Amino acid sequence: MTNTRNFVLRDEEGNEHGVFTGKQPRQAALKVANRGNGTKSKPQKIMLRERGTKKVHVFLGWKEKVAAPKNKPDWMPDTINKPFVKKEKIIKLDKL
């Protein structure tokens, strides 16, 4: 069983803010994309550095409004946001 890993959100200047968890980098990127404001035509660039390593995972992410599933609970609205991500590359940092 895999343990959860922590990923720190980075901006273009290298400033880090916000920690997202997931078993895989893609799972954390989906969480960022669901909170972001990217669209399919203009996706948001997501850079996640795994804590304890020098790897930065780079994704393009966006969210779309989709119909809720047929077996949805009563409290769920008829349309929901569904996040999408596409992995671009992995960057290795020289220093932390």
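Our subject is the structure that appears above.
Here is what the cut-offs are and how they apply
- Residues numbered from 1 in each chain as written.
- Predicted model: local features only at pLDDT ≥ 70, side-chain atom pairs only at ≥ 80, totals over all residues.
- Heavy atoms only, no water.
- Core = buried A, V, L, I, M, F, W, Y, C linked by side-chain atoms within 4.5 Å.
- Buried < 20%, exposed > 50% of the residue type's maximum accessible area, 1.4 Å probe, protein only.
- Helix = DSSP H or I, 4+ residues; strand = E, 2+ residues; numbered from the N terminus.
- Contact = heavy atoms within 4.5 Å.
- Polar contact = N/O pair within 3.5 Å; in protein donor to acceptor, adjacent residues only side chain to side chain.
- Salt bridge = Lys/Arg side-chain N within 4 Å of Asp/Glu carboxyl O.

By size, the foremost hydrophobic cluster in this structure holds 12 residues: F7, L9, F20, A28, A29, L30, V32, A33, I46, L48, F59 and V85. Every element with two or more residues in this core is listed here: β1 (5-10), α1 (25-35) and β3 (44-50). Looking at which element gives the most residues to this core, the answer is α1, with five residues. If near-sequence neighbours (up to four positions away) are discounted, A29 is found in contact with I46, L48, F59 and V85.

Here we come to the environment of T53. Counting through the fold element by element, T53 comes out in the loop between β3 and β4 (55-67). A residue is classified by how much of its surface remains accessible, and T53, at 23% relative accessible area, is partly exposed. For T53 and K92, which are 39 residues apart along the polypeptide, the C-alpha to C-alpha distance reads 8.9 Å. A distance of 2.9 Å separates the side chain of T53 from the backbone oxygen of E50, its partner in a polar contact. Engagement of the side chain of T53 in a polar contact is seen with the backbone nitrogen of K55, the distance being 3.4 Å.

Moving on: the pattern of salt bridges. Note that side chains of opposite charge can pair when their charged atoms are close. Using the criterion set out here, one finds five salt bridges in the structure. The partner of E16 in a salt bridge is R10, and the shortest N-O contact between them spans 2.8 Å. By relative accessible area, which is 34% here, E16 ends up partly exposed. Note on R10: relative accessible area 16%, which makes it buried. Among the salt bridges present, the one from R49 reaches E16, with a minimum N-O distance of 2.6 Å. Taken together, the residues R49 in strand β3 and E16 in strand β2 (residues 16-22) connect sequence positions 33 residues apart.

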